[in-house]
Amino acid sequence: MKNSITKFNQKLLEKHPTIWNTKIVWMLLISLGLHLLFYLIGLVSLMNPASLHGYKAIDIYFKNGMVFVASILSVLLIVIWLISMFRNNAFKNFYPLTQVQLFKQFTCYFVILMAATSFYYSYTLGLQTYIISAYGDESFDADIALANETAPFFSFDLSKYELDQLAYPPPFDTLYCETRESSIDFSQSYFEFKEQEYQYYSIKRFTVEDGRSVSQYTIAQSVFNERKDDLRIFYLKDSVIDVSDLIKTAHPSYFNYHEEFFEKEKEDYSFLDFDMDFEYDQNNPYQKEWLTQQRVQKIQKHQAFLQHADQDAYEKQFAKFLDMAERFQIKTNLDPTNWAILMHAGNDTDEVKHLIINDDEIGDQDEITYEAETAYSAYEKTLNTDFYLDAKSLRSAFKNIDEIKTTNIFEGSIHFYCWIMFLISCVIFIFRTTSLKSLLFSIVSIGLLAIFISLIAALYGLMISYQSGIEYFVSYFVLLLGTGILAIALLATQRVKKIVGSIFLNVSLVGFVPYLVLILGIISMHQDDACRERNRLQPYDEIIDCPNIFEFLGVYWSYLLLALGFLFVFYYCRKIMQWRAMPEG
């Protein structure tokens, strides 16, 4: 084995000296083995369904300690690689090297660093592979549909079953339900339950041209307002509608329930609170964007089930759901029979008679307190039971599965990896082509430049104003400094001392891409200011969105600058060879 490795290294040395010198073959082989290991670990990390109950299961890499293991392995791998590579330096030993060979060395550094530090992607790909195979689209959709069909019977919150939640059948999808006692017209038809009043109104529209003044009374009385083209539309309560012949009871009823337990690929996974939901004005028919044709069909199916199902139908529905909940390791003490009894299955009005705890264990109901005891809250307390169902964990599991299946793990983070590795590659390349002294002097010089720029900016702010274009002053001042450094590095390195020339070359190599970012930033600042000035003088309906250069390029600006960075490194290789040929002193 040892002889085979020696022969292979000798062959690389003779035919591919750059590959031999950078050790890229062995580094990639070792990294490939570690990537495979992390992929397999990711593949088994979410095999326990309970691991999907928490927040952001896709980030389990950062929660279970794998990120620390990967960091230690990456550091060890890179240190061993650098020690091995630094034994031989053809450039410093004046071996005949071309500009292309030097550039190949830099490219090898970048590839090796990317391979030795990107274990996160292999691990997360393992997660995705398992989730996609274990929860296929067809079975996952069936589980979601079953949960949505059963959700109306969870009976967690009595307010979800009140009259103001009724969204179907017509005309309830076009009516506004008033629940404020001060706004109820008690001389006309209304409903009352435990001191809670409900009254249905038709809606009228009031339209004005956008920009015209509107009375505060109109604004206060409107239940909703919106802008369309050059018009502003106010929706106001019109007249009371008598729907007493359509409503069986004012008691909270399963017939009134309309919410969706989970909607695939329409959840927002950016909230800090994983179970946070927007609270819309459900009483307002003009804010019922959620009332799509698909949602209407689900409500119709639910209401039809209530009208025709018997005790056996309820038990079959609950049995299927509980079997699914067991697969996801959802804690509950319900069984199909007692759940059907709790729902008062088959009664004529489908009234809510009992409440279930939305948790993973029996809670102490006596500890529930209310700001002010009312007839409604007192009644709600009488409905509490010792039965529980951890629906929060089920919803989290659905969210995690959907997020893992649909997330592009390379989006966003890959830019961070590329730029960090590009910077480290530049530092290694600087050390390989100049010297440790030049590298240290370059780092000190960058620090001094940063301090100098900060002092100048502070002085400008004190002497003139922090509000008077300081961002432009600092940007153009840094641009001037950067242009001077680049000019010296590219045109005058042979006219200064060798150590000074190396500092200018090194600072230029590290700072070229930030220099380009600064130029794009200055352009975008001017574009944003011009856009604001233009829109300030325009009527509201002629205000336009003006994308700046960053918004126009999107994520491609990162790839573009990375490509330009590699091109600059290629040019830098020629300059560093010219610098190397200079005499010492």
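Structure report, in brief. Note that the structure is predicted; figures quoted are calculated from it, not measured.

1. Describing the layout of surface pockets
So, step 1. If you add up the space inside the second largest pocket, you get close to 510 Å³.
So, step 2. What lines the second largest pocket is a set of 24 residues, among which Ala-145, Asn-148, Glu-149, Glu-260 and Lys-298 lie closest to the centre.
So, step 3. Contributions of two or more residues to the lining of the second largest pocket are made by helix H8 (137-150) and helix H10 (293-308).
So, step 4. Ranked by residue count, the leading element in the lining of the second largest pocket is H10, at eight residues.
So, step 5. In terms of residue class, the lining of the second largest pocket is made up of eight nonpolar, six polar and 10 charged.

2. Thoughts on the side chain of His-258
So, step 1. Considering the arrangement of structural elements, one finds His-258 in the loop between strand E5 (231-240) and H10.
So, step 2. In this structure His-258 comes out as buried when scored by relative accessible area, which is 4%.
So, step 3. From its side chain, His-258 meets the backbone oxygen of Gln-165 in a polar contact 2.6 Å long.

3. Here we look at the side chain of Ser-31
So, step 1. In this fold, Ser-31 is placed in helix H3 (residues 24-45).
So, step 2. Since its relative accessible area comes to 1%, Ser-31 is described here as buried.
So, step 3. In this structure Ser-31 touches Leu-77, Ala-115, Ala-116 and Phe-119, once residues within four positions along its chain are discounted.

4. Points about the packing of helix H7 (residues 119-134) against helix H14 (residues 391-406)
So, step 1. It is the contact of H7 with H14, at a shortest axis distance of 9 Å, that shows an interaxial angle of 120 degrees. As for the relative orientation of H7 and H14, their crossing is left-handed in sense. Here Leu-127, Gln-128, Ile-131 and Ile-132 of H7 come into contact with H14, specifically with Ile-401, Ile-404 and Lys-405.
So, step 2. Split into classes, the residues belonging to the contact of H7 with H14 amount to five nonpolar, one polar and one charged.

5. Remarks on H7
So, step 1. The terminal C-alpha atoms of H7, which comprises 16 residues, lie 23 Å apart, in line with the 22 Å expected from a rise of 1.5 Å per residue.
So, step 2. Inspection of H7 places Phe-119, Tyr-120, Tyr-121, Ser-122, Tyr-123, Thr-124, Gly-126, Leu-127, Gln-128, Tyr-130 and Ile-131 among the buried residues, and these make up the whole buried set.
So, step 3. Lining the buried residues of H7 we find H3, helix H4 (60-63), helix H5 (66-85), helix H6 (99-117), H14 and helix H15 (413-433).

Definitions and limits used
- Residues numbered from 1 in each chain as written.
- Predicted model: local features only at pLDDT ≥ 70, side-chain atom pairs only at ≥ 80, totals over all residues.
- Heavy atoms only, no water.
- 1 Å grid on protein atoms, 1.4 Å probe; cavity = no way out; pocket = protein on both sides within 12 Å on 5 of 7 lines; lining within 4 Å.
- Points joined across faces, edges and corners; volume = space filled by probe spheres on them.
- Helix = DSSP H or I, 4+ residues; strand = E, 2+ residues; numbered from the N terminus.
- Nonpolar A, V, L, I, M, F, W, Y, C, P; charged D, E, K, R; others polar.
- Buried < 20%, exposed > 50% of the residue type's maximum accessible area, 1.4 Å probe, protein only.
- Polar contact = N/O pair within 3.5 Å; in protein donor to acceptor, adjacent residues only side chain to side chain.
- Contact = heavy atoms within 4.5 Å.
- Axes fitted to C-alpha atoms, helices over the stretch in contact; angles between N-to-C directions.
- Left-handed = near helix turned anticlockwise from the far one by under 90°.
- Expected span 1.5 Å × (residues − 1).

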